[in-house]
Number of protein chains: 2
Amino acid sequence: MAKRIESTPKADGFRMPGEFEEQKQVWMLWPERPDNWRNGAKPAQKAFAAVAKAISQFEPVTVCVSPAQYQHARYELPSEVRVVEMTSNDAWIRDCGPTFVVNDKGDVRAIDWDFNSWGGLYDGLYFPWDQDDLVPQKVCEIEGIDTYRTPGFVLEGGSIHVDGEGTLLTTEMCLLSPGRNPDMTKEEIEEKLKEYLNLEKVIWIRDGIDPYETNGHIDDVACFIRPGEVACIWTEDENHPFYRQAQDAYKTLCEATDAKGRKLKVHKLCLSKEPCYLKGADTIECIEGTLPREEGEVSIASYMNFLIVNGGIILPQYGDENDALAIEQVQAMFPDRKVVGVRTEEIAYGGGNIHCITQQQPRG
Amino acid sequence: MAKRIESTPKADGFRMPGEFEEQKQVWMLWPERPDNWRNGAKPAQKAFAAVAKAISQFEPVTVCVSPAQYQHARYELPSEVRVVEMTSNDAWIRDCGPTFVVNDKGDVRAIDWDFNSWGGLYDGLYFPWDQDDLVPQKVCEIEGIDTYRTPGFVLEGGSIHVDGEGTLLTTEMCLLSPGRNPDMTKEEIEEKLKEYLNLEKVIWIRDGIDPYETNGHIDDVACFIRPGEVACIWTEDENHPFYRQAQDAYKTLCEATDAKGRKLKVHKLCLSKEPCYLKGADTIECIEGTLPREEGEVSIASYMNFLIVNGGIILPQYGDENDALAIEQVQAMFPDRKVVGVRTEEIAYGGGNIHCITQQQPRG
């Protein structure tokens, strides 16, 4: 029903659409592991449920759940959310899930990248990651979507953003990290992206803001809001921990042109005033092979990690002084979409946010 | 997406269609447990794959597989078969799966009966059965089909056959067994069936042929082949172990009228000449709580346990002298369908056959 295809999306006339293009549904995984999520993942589960509920105002949501958590997830999630059994190693479907591509006839296919837990045996975040790596195939089997496999090429969905018209945004910190594709040159990696996502141009930002977790995914730093326009994190506070990265990214984007030769319009998006400090680290199980967690450590909390859905934006909120400003700025970027804020400190404690825990499937 | 409905199918204008009505797809589970299937379930898996392949000539098939077996099942099954993750306690989706109902507008819903492993703590075949009991909900969530739940009412799909026009066939041996609904009278059980399957008449056959496994499911004894016509097992050999049951069932059916007042036309279907004797019982793990298995014990092998699909019949074959006769007789009953025989001793060793391991979803 869902077949493996041996060619490449570009050869077959498929491209990755922008996140702002029409979607069929959003996929999520259910958080569970007590060595990553505090208090047995119960607070995180409620935050994930709130995100699912927010998205389901706009379009269908499918949440994939391990057999052990199936009944509980079904109980916690609103009835309009579809719940299917799927085993995973954690809950970051943006990164381990499929990347969908479309053609002009409305067909949808997907790319099933190699996934290695953000760095494999070099600096990956947990071991093993075998079940995460099966997620794209399982999703696509359910949907009857054919897949391209990229054996030996590691990529996470959170490390890329596209405009759907031939341009990709990414970071050198992540894609050139020794834990990803150490035997490939920057040019070879670009070629691979161009062939699989159907691109003409890759815009490289140097650094992301979380070197030790995702190695600096772009989805905490910048994104396309429509062709020719991007959003970028911004602060003028020199003491903010992400000041340099924000300034650098903004400068790079302001100087960049896209695949169509357009100079990008760059929208500024604030950072939280206060960092998000981990609370309750002593309720996170300590397991050999996972990143140890310390009370008060900084959790990466970027407003940039929002999800675009049909008619809406699902935006992280942290109880921070800048929460309202972030909503205002994002609403100004997307005048035709309704911005819905969801409190997501619990997701940030686990290492990501709304964009990291979702994967949109285009309508095609 | 898939909701629980509090009313009943009859109240909402839904009925269970005959198996011979148009189908959307067939569901199966993947056999795995080494305490039921010989040789680590490997031979059974090949037989299940052969059944899935045979069905997929006629219509889509989805096979549900535990996380541990996902990759192996994907490898063993042809690519046109959809494979989805689903945990279960064993592989009998006819009995633990949903019973689908349809209305005149083409809507499809399902009944999620209580399942208790063919007798619960009274004479059930294994413990626990919690994952089996979740199968209907998981199937219906994937498909977005609303379900009726019957708390406290136990039923297996293999214990009933309907004509889609108000008549049901079943056995007293099973439905009145103390392991099912011991606090209900025969009349109360009839009422429940009428309310959930939208019936006017229940035809009771006394005994099935496997008192110790399913407590005599009807699907080894008789079935509707179209409204007004049934098939029934038949032998004239007084020494055949199922002689009395076949004669009794045939007589009951010949004397019966259906919900529309029609006298039934009864077609005879042969039994295998030789019983199917279990081989390799010593490769079946011995676990407390499951039925112990002995070398040479009789495995129930009825040609009646076939599946009707769109344009086809998938018929068990045992390497028996009567295999060809069974094909000939079934082909005569279904002149417009292609009869495909599949060797299924390995499924019989596990306690059932093609009808037991499949569940058709009507097109609606």
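Below or above, wherever it landed, is the structure these notes cover. (Residues numbered from 1 in each chain as written. Chains lettered and ligands numbered in written order. Predicted model: local features only at pLDDT ≥ 70, side-chain atom pairs only at ≥ 80, totals over all residues. Heavy atoms only, no water.)

1. Thoughts on the overall build of chain A
Check the secondary structure of chain A and you find eleven helices and 19 strands. The principal-axis extent of the C-alpha atoms belonging to chain A is close to 50 × 50 × 40 Å. A buried classification covers 65% of the 364 residues belonging to chain A. Considering only contacts within chain A whose residues lie at least 6 apart along the sequence, 74% involve residues at least 24 apart. Total accessible area computed for chain A in this model is approximately 13,300 Å², and 49% of it derives from carbon and sulfur atoms. If the 38 positive side-chain charges of chain A are averaged to one point and the 61 negative ones to another, these points end up 5 Å apart. (Helix = DSSP H or I, 4+ residues; strand = E, 2+ residues; numbered from the N terminus. Buried < 20%, exposed > 50% of the residue type's maximum accessible area, 1.4 Å probe, protein only. Contact = heavy atoms within 4.5 Å. Areas by Shrake-Rupley, 256 points an atom, 1.4 Å probe, with all protein chains shown as cover. Lys, Arg positive; Asp, Glu negative; His and termini not counted. Charge placed at Lys NZ, Arg CZ, Asp CG, Glu CD.)

2. A short note on the pairing of strand E6 (residues 108–114) of chain A
Looking down a regular strand, the side chains alternate between one sheet face and the other. Residue and element names in this part refer to chain A. Burial analysis of E6 places six of its seven residues in the buried class, the great majority of the element. When strand E5 (residues 99–102) meets E6, the two strands line up antiparallel, connected through four bridges. Bridged to Phe 100 within E6 is Ala 110. Linking E5 back to E6 in an antiparallel pair, the connection comprises five residues, with Gly 106 at a positive phi of about 90°. Of the strand pairs in this sheet, E6 and strand E7 (residues 147–154) are connected by four bridges, and their pairing is parallel. Bridging across to E7, Asp 114 finds its partner in Val 154. (Pairing = 2+ DSSP bridges.)

3. A look at the pattern of salt bridges
Residue and element names in this part refer to chain A. As enumerated under the stated definition, the model contains 54 salt bridges over all chains in all. Where Glu 346 meets Arg 38, a salt bridge forms, and the shortest distance between an N and an O atom there is 2.6 Å. Pair noted here: Glu 346 is in helix H11 (residues 345–350) and Arg 38 is in the loop between strand E2 (23–29) and helix H2 (42–56), with a separation of 308 residues, a long-range link. Residue classification places Glu 346 among the buried positions, given a relative accessible area of 16%. Residue Arg 38 is classed as buried on the basis of its relative accessible area of 18%. (Salt bridge = Lys/Arg side-chain N within 4 Å of Asp/Glu carboxyl O.)

4. Notes on the relation of the copies chain A and chain B
With an RMSD of 0.0 Å, the operation that places chain A on chain B is a rotation of 180° combined with a shift of 0.0 Å along the axis. In the structure described here, the two chain copies are related by an operation that fits a two-fold rotation axis. For chain A, the smallest separation between a C-alpha atom and the rotation axis is recorded for Glu 85 of chain A, amounting to 3.1 Å. Interface residue correspondence from chain A to chain B reaches 100%, placing this contact among same-surface, isologous pairings. (Least-squares fit on C-alpha atoms with pLDDT ≥ 70 in both.)

5. Considering the interface of chain A and chain B
Contacts between the two partners involve 22 residues from chain A and, on the opposite side, 22 residues from chain B. Summing the contributions of chain A and of chain B, the shared interface buries around 2,000 Å²; its carbon and sulfur component is 52%. Those elements giving two or more residues to the side of chain A that touches chain B turn out to be helix H3 (70–76), strand E4 (82–85) and helix H6 (130–143) of chain A. Take the side of chain A that touches chain B: its biggest share by element is six residues, from H6 of chain A. Residues of the side of chain A that touches chain B, tallied by class, amount to ten nonpolar, five polar and seven charged. (Buried area = accessible area lost by both parts, 1.4 Å probe. Nonpolar A, V, L, I, M, F, W, Y, C, P; charged D, E, K, R; others polar.)

6. Quick look at the side chain of Thr 171 of chain B
Residue and element names in this part refer to chain B. Counting through the fold element by element, Thr 171 comes out in strand E9 (residues 167–171). Residue classification places Thr 171 among the buried positions, given a relative accessible area of 0%. From its side chain, Thr 171 meets the backbone oxygen of Gly 216 in a polar contact 2.7 Å long. Residues within four places of Thr 171 in sequence aside, it is in contact with Ser 159, Trp 204, Ile 205, Arg 206, Asp 207, Gly 208, Asn 215, Gly 216, His 217 and Ile 218. (Polar contact = N/O pair within 3.5 Å; in protein donor to acceptor, adjacent residues only side chain to side chain.)

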